Amino acid sequence: MSSETLAVKGEGHWNKLSVTSESHAKEKSEKSFVIRMTYLFLVLDVTCLFMQLGIIPYLVKKMGLSLVWFGYLQTTFGILQLIGGPVFGRFGDLFGARTALTISSMSAAVCFFLLGISSNVTLLFLSRTPSIFMHGLPGAQMVVTHLSSPAERADALGKLGLCFGIGMIVGPSLGGVLSSRFGESCTAFVASFGSVLNVLLVTSYIPARTKPLSATSSDQQKMSKASNVFNLGEITRLLKVPCVMKIFIIKTVAGLPTDYSGLSDWKTDSKLFR
């Protein structure tokens, strides 16, 4: 074999290696970009959440209710979140991260909008119902876990905690400024608008499927036996996991208000429901 032939073969080998390394670098860059967009999503999601949480006690007082009903609202929110968690997880596995995060953001937008137009107790409690699908943090964790390498996963998930903290700081501060200048309803509407922006962010930059193909195929085989999102058997199985049911009960009972004077207020003032 001549030296020219060997040179041509060697050049072809190095070209293949170069193409492979370039494609790998491009894939890594795309994953990093999606993870950064997920961080931005979580900051906006948590900011909007804490913006509207801060105005609920004032709305309760404006309607003439005792603050114990704020406890009932928070308990309702907590119970719906606990019930919706397993459902949201199965939904994400079946339909992908983009669909799950889109549903979460759309639910948040509806929740905050209903809060903004709440003029009576009924609407105030109805505004909590979409929260059953509001799981921005678990959805963001799903995306980051799927797209990060094992060596970088702890660091990537830790940055999600940082993003959550930023939202906790910015949300109440921004909500307080808006409420003092424009009223509580304006704050809720701004939070709703922020959630709509999150919908656009997710649909534009989050891939439909973030899980690796090998994991996806194996999970599809497992889920083919129970493909229904609202599979009560699967949810019951999750609640039977050690300590899950105990935590669920403690969370529910601990959230119940101990002052029931608000009940008499509600009965005596029937105008609150009109």
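Structural data are supplied above this passage.
These remarks concern the structure in this document. Because the structure is predicted, anything quoted here is derived from the model rather than measured. (Residues numbered from 1 in each chain as written. Predicted model: local features only at pLDDT ≥ 70, side-chain atom pairs only at ≥ 80, totals over all residues. Heavy atoms only, no water.)

**Some remarks on the packing of helix α4 (residues 97-116) against helix α8 (residues 184-205)**
Orientation of α4 relative to α8, taken along the N-to-C sense of each, is 165 degrees, at an axis distance of 8 Å. Classified by the interaxial angle, the pair formed by α4 and α8 is roughly antiparallel. Considering how the two elements wind past one another, α4 and α8 form a crossing that is left-handed. Contact residues: α4 offers Arg98, Leu101, Thr102, Ser105, Met106, Ala108, Ala109, Phe112, Phe113, Leu115 and Gly116, while α8 offers Ser185, Ala188, Phe189, Ala191, Ser192, Ser195, Val196, Asn198, Val199, Val202 and Thr203. Classifying every residue of the contact of α4 with α8 by side-chain character gives 13 nonpolar, eight polar and one charged. (Axes fitted to C-alpha atoms, helices over the stretch in contact; angles between N-to-C directions. Helix = DSSP H or I, 4+ residues; strand = E, 2+ residues; numbered from the N terminus. Parallel < 35°, antiparallel > 145°, perpendicular 65-115°, else oblique. Left-handed = near helix turned anticlockwise from the far one by under 90°. Contact = heavy atoms within 4.5 Å. Nonpolar A, V, L, I, M, F, W, Y, C, P; charged D, E, K, R; others polar.)

**Considerations on the nonpolar core**
With 48 residues, the main nonpolar core has Tyr39, Val60, Phe112, Leu115, Leu124, Met134 and Val143 as its most contacted residues. Other than its neighbours up to four places away in sequence, Val60 contacts Leu65, Ser66, Trp69, Phe70, Leu73 and Leu124. (Core = buried A, V, L, I, M, F, W, Y, C linked by side-chain atoms within 4.5 Å. Buried < 20%, exposed > 50% of the residue type's maximum accessible area, 1.4 Å probe, protein only.)

**Things to note about the layout of surface pockets**
Roughly 560 Å³ of volume is contained in the largest pocket. Lining the largest pocket are 27 residues, and of these Lys31, Ser32, Ile35, Leu147 and Ser148 lie nearest its centre. Per-element accounting of the lining of the largest pocket gives the leading share, ten residues, to helix α1 (residues 3-53). (1 Å grid on protein atoms, 1.4 Å probe; cavity = no way out; pocket = protein on both sides within 12 Å on 5 of 7 lines; lining within 4 Å. Points joined across faces, edges and corners; volume = space filled by probe spheres on them.)

**What about helix α6 (residues 136-147)?**
For α6, which comprises twelve residues, the first-to-last C-alpha distance of 17 Å matches the rise-based estimate of 16 Å (1.5 Å per residue) to within 8%. Of the positions making up α6, those classed as buried are Gly136, Gly139, Ala140, Met142, Val143, Val144, His146 and Leu147. (Expected span 1.5 Å × (residues − 1).)

**So, a nonpolar patch on the surface**
Residues Leu162, Ile166, Ile169, Val170 and Leu174 make up a contiguous nonpolar surface patch of about 440 Å² in total accessible area. Residue placement: Val170 occurs in helix α7 (residues 150-182). When its relative accessible area of 36% is taken as the criterion, Val170 is described as partly exposed. (Patch = residues over 30% accessible without salt bridge, like charges linked within 9 Å, V, L, I, M, F, W, Y side chains within 5 Å. Areas by Shrake-Rupley, 256 points an atom, 1.4 Å probe, with all protein chains shown as cover. Salt bridge = Lys/Arg side-chain N within 4 Å of Asp/Glu carboxyl O.)

**Observations regarding the pattern of salt bridges**
As enumerated under the stated definition, the model contains three salt bridges in all. The partner of Lys28 in a salt bridge is Glu152, and the shortest N-O contact between them spans 3.9 Å. Taken together, the positions of Lys28 in helix α1 and Glu152 in helix α7 put the pair 124 residues apart, joining distant regions of the chain. In this structure Lys28 comes out as partly exposed when scored by relative accessible area, which is 46%.

**Regarding the environment of Ala97**
Along the chain, Ala97 turns up in helix α4. A C-alpha to C-alpha distance of 6.1 Å links Ala97 and Arg209, two positions 112 residues apart in sequence. Excluding its chain neighbours within four sequence positions, the residues that come into contact with Ala97 are Gly92, Met142, Val143, Ile206, Ala208 and Thr210.

Note that every value here comes from positions in space, so none of it alone points to a role or purpose.
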